[in-house]
Amino acid sequence: MTGEASSSRRAFLAGLASAGTALSVAGCSALGGGSPVSIMAAGSLQNAFSKSLPDETDHEIQVEAYGSARVARMIAEAQRDPDLVALADTTLFESLLDADWYGVFATNAMAVAYNPDTAGGRAVRDADRWYEPLVDGRARLGRSDPELDPLGYRTLFALELAATHYDEPGLADSVLDEDQIYPETQLMAQFETGSVDAAFVYENMAVERDYPFVDLPAAIDLSDPDRVDAYSEQAYELPDGTTVRGGPIEYGARLRADSATATDVYETMVESAADYLEPHGFVVRSTYPIYEGDVPDAVGE
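Here goes a summary of the coordinates provided.

Rules used throughout
- Residues numbered from 1 in each chain as written.
- Predicted model: local features only at pLDDT ≥ 70, side-chain atom pairs only at ≥ 80, totals over all residues.
- Heavy atoms only, no water.
- Helix = DSSP H or I, 4+ residues; strand = E, 2+ residues; numbered from the N terminus.
- Buried < 20%, exposed > 50% of the residue type's maximum accessible area, 1.4 Å probe, protein only.
- Contact = heavy atoms within 4.5 Å.
- Areas by Shrake-Rupley, 256 points an atom, 1.4 Å probe, with all protein chains shown as cover.
- Pairing = 2+ DSSP bridges.
- Lys, Arg positive; Asp, Glu negative; His and termini not counted.
- Salt bridge = Lys/Arg side-chain N within 4 Å of Asp/Glu carboxyl O.
- Polar contact = N/O pair within 3.5 Å; in protein donor to acceptor, adjacent residues only side chain to side chain.
- Core = buried A, V, L, I, M, F, W, Y, C linked by side-chain atoms within 4.5 Å.
- Axes fitted to C-alpha atoms, helices over the stretch in contact; angles between N-to-C directions.
- Phe/Tyr/Trp six-rings, centres within 6.5 Å; stacked < 30°, edge-to-face > 60°.

### What to know about the overall build of the protein chain
In step 1: Looking only at helices and strands, the protein chain features 14 helices and 14 strands.
In step 2: Per-residue burial for the protein chain yields a buried fraction of 55% across its 301 residues.
In step 3: Across the protein chain, the fraction of contacts at a sequence separation of at least 24, relative to all contacts at a separation of at least 6, is 76%.
In step 4: In the form shown here, the protein chain has an accessible surface area of approximately 12,200 Å², with 42% of it arising from carbon and sulfur atoms.

### A short note on the pairing of strand E9 (residues 198-202)
In step 1: Most of E9 is tucked away: five of the five residues are buried.
In step 2: Burial of E9 is two-sided: the residues Ala198, Phe200 and Tyr202 facing one way and the residues Ala199 and Val201 facing the other way are all buried.
In step 3: The sheet contact formed by strand E6 (residues 110-114) and E9 spans five bridges and is antiparallel. From the neighbouring strand, Ala111 faces E9, where its bridge partner is Val201.

### As for the side chain of Arg73
In step 1: Looking at where Arg73 falls in the secondary structure, it is placed in helix H3 (residues 68-76).
In step 2: Here Arg73 occupies a buried position and makes no salt bridge, while the nearest side chain of opposite charge, Asp240, is found at 4.8 Å.
In step 3: Polar contacts involving the side chain of Arg73 include one to the main-chain carbonyl oxygen of Glu147, which spans 3.3 Å.
In step 4: When neighbours within four sequence positions are excluded, Arg73 is seen to be in contact with Leu96, Glu147, Leu148, Leu238 and Pro239.

### Some remarks on the side chain of Gln234
In step 1: Take Gln234: it is sitting in the loop between helix H12 (228-231) and strand E11 (235-237).
In step 2: With relative accessibility at 15%, the residue Gln234 sits in the buried group.

### Comments concerning the environment of Ala163
In step 1: The topology assignment puts Ala163 in helix H7 (residues 150-165).
In step 2: The buried category is assigned to Ala163, whose relative accessible area is 10%.
In step 3: On a C-alpha basis, the gap between Ala163 and Ile220 in space is 9.3 Å, while along the polypeptide they are 57 residues apart.
In step 4: What Ala163 contacts, discounting residues up to four positions off in sequence, is Glu168, Pro169 and Leu171.

### Topic: the nonpolar core
In step 1: Counting 93 residues, the largest nonpolar core has Leu45, Phe49, Phe105, Trp130, Tyr251, Met269 and Leu277 as the members making the most contacts within it.
In step 2: Top element by residues in this core is H7. It accounts for nine residues.
In step 3: Every residue in contact with Met269, bar those within four places of it in the chain, is listed here: Ile39, Phe49, Leu53, Leu84, Ala86, Phe105, Ala253 and Tyr276.

### A few points about the sheet that holds strand E7 (residues 141-144)
In step 1: Spatially, five strands are ordered E8-E7-E9-E6-E10 in an open sheet, and the strand pairing comes out mixed. This sheet does not close on itself; its edge strands, each paired only once, are strand E8 (181-182) and strand E10 (213-214).
In step 2: Here E6 pairs with E10 via two bridges, running antiparallel. Within E10, the position partnered with Ala113 by the bridge is Phe213.
In step 3: Across the sheet, H7 touches E6, E7 and E9, and the angle it forms with E9 is around 110°.

### Some points on the packing of aromatic side chains
In step 1: Enumeration over the complete set of coordinates arrives at twelve aromatic pairs.
In step 2: Ring centres 6.3 Å apart and planes at 70° place the aromatic pair Trp130 and Tyr166 in the edge-to-face group. Here Trp130 is found in the loop between helix H5 (119-126) and helix H6 (132-135), whereas its partner Tyr166 is found in the loop between H7 and helix H8 (171-175), with 36 residues between them in sequence.
In step 3: For Trp130, a relative accessible area of 6% puts it in the buried group.

### Quick notes on the pattern of salt bridges
Two side chains carrying opposite charge are able to pair once their charged atoms lie near each other.
In step 1: Inspection of the entire model under this criterion finds ten salt bridges.
In step 2: Notably, a salt bridge pairs Asp89 with Arg154, separated by 3.9 Å at the nearest N-O pair. Here Arg154 lies in helix H7 and Asp89 lies in the loop between strand E4 (84-87) and helix H4 (91-95), a separation of 65 residues in the sequence.
In step 3: Assessed through its relative accessible area of 4%, Arg154 is described here as buried.
In step 4: Its salt-bridge partner being Glu178, residue Arg143 comes within 3.3 Å of it at the nearest N-O pair. One end of the pair, Arg143, is in strand E7; the other, Glu178, is in the loop between H8 and E8, and 35 residues separate them in sequence.
In step 5: Of the residues examined, Arg143 reaches a relative accessible area of 4% and is grouped as buried.
In step 6: When its relative accessible area of 61% is taken as the criterion, Glu178 is described as exposed.

So, in structure tokens, the structure goes:
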């Protein structure tokens, strides 16, 4: 991707996602009153769920977004009890939530977004290899917290895969800075404050905000289902001792409430994913949704 959008548009879009806790209510309650359907979601789904999903349903929805590992942990520890939950790593349903089923509805790719308005961002853009300005200190790299969300630990996976792909041992240690870790919902906004010149993001996050990005090869970007064996060599241990492994990026969702309204919103979320997610830069495969586990009869009827 090479186009450079205006700074004013990027500032506006980045501001929409700058809150660490993204809580919004959207949609029209056309089928009657009652409480909105509550959704806890991965931070990368925040804009799509808040701005586009409401156009697909007649029900009012309330969206709260954090890093997926944090979302799963909050539910597991009974801090939240949402009607629906959507995560950026389906393995969290089994590891942290002990869920007996879920539906896979979208995928994504890792990318390195850069700020064309800074010298460091332009250095990443113009480098023979995107990581060279990060290694020699010409560009500042932002990333999210691996303890809170899959984007954070997938950044580590991508860097280890890049070290092998480019034959650059120790690449991760050369570019990572503990002071440049931000919540997923705030990461892109750091471009506007000048805190970072580049960041490891999901491709959709750059697309939504009109930021140019480095299109990483499939050996690195965790998008290729045929590379599952290579991806799975990477692993990270979460604070609770749960080990997550690398793999092709998959978004999953699970219905938690026993109500017709919540079921209808859930089915819209997964069955109509291409309609509202693809404009935000996600990929919805023709095989989606794929249901895993003991799916209730009410789902997918």
